[in-house]
Amino acid sequence: MKESVVVIPTYNEIENIEAIIRKVLSLPHPFDLLIVDDNSPDGTAQAVISLQQEFPDRLHLEQRKGKLGLGTAYIHGFKYALRNGYTFIFEMDADFSHNPNDLMHLYNACAVEGYDLSIGSRYSSGVNVVNWPMSRVLLSYFASRYVRLITGMPIHDATAGFKCYHRQVLETIDLDKIRFIGYAFQIEMKFLAYKFGFKLKEVPIIFTDRTKGQSKMSKGIIREAFLGVIQMKVSSYFRQFVR
Ligand SMILES: Nc1nc2c(ncn2[C@@H]2O[C@H](COP(=O)(O)OP(=O)(O)OP(=O)(O)O)[C@@H](O)[C@H]2O)c(=O)[nH]1
Ligand SMILES: [Mg+2]
């Protein structure tokens with residue numbers, strides 16, 4: 001039984017991809033890696049293919065035809081991880097905004113303390129974001145307060161994208177019914193895990209703004225999240241969450 005795999009979605013991350021792969025695969029704990037690349041024009045996938053010769057059993061690549069959104073990239077990766085028998089499945093960005101050393105803290109919250117979903121949180125102990133413009137910090141911080149207000153979910157960092165799932169959470173959530181692709185995807189996955197009664201834990205992390213590569217954040221992603229939260233809450237009244 002394979003234990004842990006870190007799923008990293010990539011779109012144009014040629015400046016980060018080799019460094020993030022080497023960092024994760026050099027950690028003392030044996031994490032496997034799955035890169036889900038959307039046919040990045042900058043050659044990110046080719047860089048992964050050449051590194052696979054050095055890490056044949058631990059570095060995996062799934063390629064998709066075009067840019068289809070972060071959310072669907074993760075759904076694709078989760079299905080791969082469940083098919084291949086992994087117990088702990090992680091989400092992490094490719095741009096070092098998430099510190100790979102924190103993977104162990106997320107892992108321990110699930111594997112040692114028994115939580116079903118651990119979340120790398122920027123806001124569970126104050127505001128732990130480095131080098132983001134104040135406007136972005138305020139947008140992100142109040143977005144989480146807004147989600148908490150609407151959904152009642154007791155989570156400080158609702159849009160966090162650095163997580164560890166125990167496979168039973170992803171087996172319970174109907175992945176084909178997930179509608180959102182951006183931050184709303186991050187909110188929806190936490191909201192469904194919470195509604196199904198899984199045990200969630202926020203693990204404090206420090207989030208650092210990317211130093212290499214281009215941001216993929218857009219106004220559309222923010223709008224989707226703002227309206228999507230209301231949709232999630234309303235539709236939760238009309239369904240049952242039975243495990
Ligand atoms: N496969 C795939 N990956 C994506 C897509 N959009 C973003 N990503 C990846 O998802 C991760 C998070 O995207 P980011 O652009 O870092 O989003 P962000 O952290 O909100 O914004 P910045 O760090 O400021 O750019 C990165 O590894 C991106 O390469 C997509 O459409 N498809
Ligand atoms: Mg980023």
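Shown above is the structure to which this text applies.
Thresholds applied
Residues numbered from 1 in each chain as written. Chains lettered and ligands numbered in written order. Predicted model: local features only at pLDDT ≥ 70, side-chain atom pairs only at ≥ 80, totals over all residues. Heavy atoms only, no water. Near = heavy atom within 4 Å. Polar contact = N/O pair within 3.5 Å; in protein donor to acceptor, adjacent residues only side chain to side chain. Areas by Shrake-Rupley, 256 points an atom, 1.4 Å probe, with all protein chains shown as cover. Nonpolar A, V, L, I, M, F, W, Y, C, P; charged D, E, K, R; others polar. Helix = DSSP H or I, 4+ residues; strand = E, 2+ residues; numbered from the N terminus. Buried < 20%, exposed > 50% of the residue type's maximum accessible area, 1.4 Å probe, protein only. Lys, Arg positive; Asp, Glu negative; His and termini not counted. Salt bridge = Lys/Arg side-chain N within 4 Å of Asp/Glu carboxyl O. Contact = heavy atoms within 4.5 Å. Axes fitted to C-alpha atoms, helices over the stretch in contact; angles between N-to-C directions. Left-handed = near helix turned anticlockwise from the far one by under 90°. Expected span 1.5 Å × (residues − 1). Bend = angle between axes of the 7 residues up to and from the residue. Pairing = 2+ DSSP bridges.

A separate point is the site of ligand 1. Near ligand 1 lie 19 residues; those nearest to it are Glu13, Asp38, Lys67, Arg136 and Tyr183. Residue Lys67 places a side-chain N or O atom 2.7 Å away from an oxygen atom belonging to ligand 1. For ligand 1, an oxygen atom lies 2.6 Å from a polar atom in the side chain of Tyr183. For ligand 1, whose accessible area on its own is 620 Å², the fraction buried by protein is 95%. Across the shell around ligand 1, the residue classes tally to eight nonpolar, three polar and eight charged.

Mapped onto the elements, Lys233 comes out in helix 8 (residues 219–236). Glu188 provides the closest opposite charge to the buried, salt-bridge-free Lys233, at an N-O distance of 14 Å. Non-local contacts of Lys233, meaning those with residues more than four positions away in its chain, are made with Ile150, Thr151 and Phe191.

Between helix 1 (residues 17–25) and helix 2 (residues 44–52), whose axes approach to 10 Å, the crossing angle comes to 40 degrees. Crossing angle aside, the handedness with which helix 1 passes helix 2 is right-handed. Across the interface between the two elements, Ile17, Glu18, Ile21 and Arg22 from helix 1 touch Thr44, Ala47, Val48 and Leu51 from helix 2. The class makeup of the residues in the contact of helix 1 with helix 2 is five nonpolar, one polar and two charged.

This paragraph deals with helix 8. Counted at 1.5 Å a residue, the expected span for helix 8 with its 18 residues is 26 Å, and the 26 Å between its end C-alpha atoms agrees. A bend of about 30 degrees at Gly228 is the largest found in helix 8. Among the residues making up helix 8, those that are buried are Ile221, Glu224, Ala225, Gly228, Val229, Met232, Lys233 and Ser236. Packing partners of the buried residues in helix 8 comprise helix 5 (134–151) and helix 7 (183–195).

What follows is about the pattern of salt bridges. Taken as a whole, this structure holds 13 salt bridges when the rule is applied. Here Asp176 makes a salt bridge to Lys79, at a shortest N to O gap of 2.5 Å. Residue Asp176 is located in the loop between helix 6 (167–172) and helix 7, and its partner Lys79 is located in helix 3 (residues 70–83); the two are separated by 97 residues in the primary sequence. For Asp176, a relative accessible area of 58% translates into the label exposed. A salt bridge links Arg167 to Glu171, with the nearest nitrogen and oxygen atoms 2.8 Å apart. Residue Arg167 and its partner Glu171 are both found in helix 6; the two are separated by four residues, about one turn of the helix. Residue Glu171 is classed as partly exposed on the basis of its relative accessible area, which comes to 47%. Taken together, the salt bridges that share partners define one network made up of Glu13, Asp95 and Arg210.

Turning our attention to the sheet that holds strand 8 (residues 200–204). Reading across from one edge, 3-2-1-4-7-5-8 is the order of the seven strands in this open sheet, with mixed pairing throughout. Where the open sheet ends on each side, the last strands, each with one partner, are strand 3 (59–63) and strand 8. Adjacent strand axes in the sheet meet at a mean angle of 20 degrees when their direction is disregarded. Where strand 1 (residues 4–10) lies against strand 2 (residues 32–37), six bridges are found, and the strand directions are parallel. Bridge pairing in strand 2 links Val5 to Asp32. Running at roughly 150 degrees to strand 3, helix 2 makes contact with strand 1, strand 2 and strand 3 of the sheet.

Our next topic: the pairing of strand 5 (residues 117–121). By the criterion of burial, strand 5 is predominantly enclosed, with five of the five residues buried. Side chains Leu117, Ile119 and Ser121 of strand 5 all project onto a buried face; the interleaved residues Ser118 and Gly120 project onto the opposite face, where all are buried too. Note: strand 5 against strand 8, five bridges, orientation parallel. Among the inter-strand pairings, Ile119 is bridged to a residue of strand 8, identified as Glu202.

Attention now moves to helix 7. Residue pairs spaced three or four apart in an α-helix point in one direction, given the helix's 3.6 residues per turn. A rise of 1.5 Å per residue sets the reference length of helix 7, with its 13 residues, at 18 Å; its end C-alpha atoms lie 18 Å apart and thus fit the reference within 8%. Burial within helix 7 is extensive, with ten of its 13 residues counted as buried. For helix 7, every residue scored as buried is listed here: Ala184, Phe185, Gln186, Ile187, Glu188, Met189, Lys190, Phe191, Leu192 and Ala193. Positive backbone phi, at 80 degrees, marks Gly197, one or two positions downstream of helix 7.

Everything listed here is a matter of coordinates, which is why it stays silent on function.
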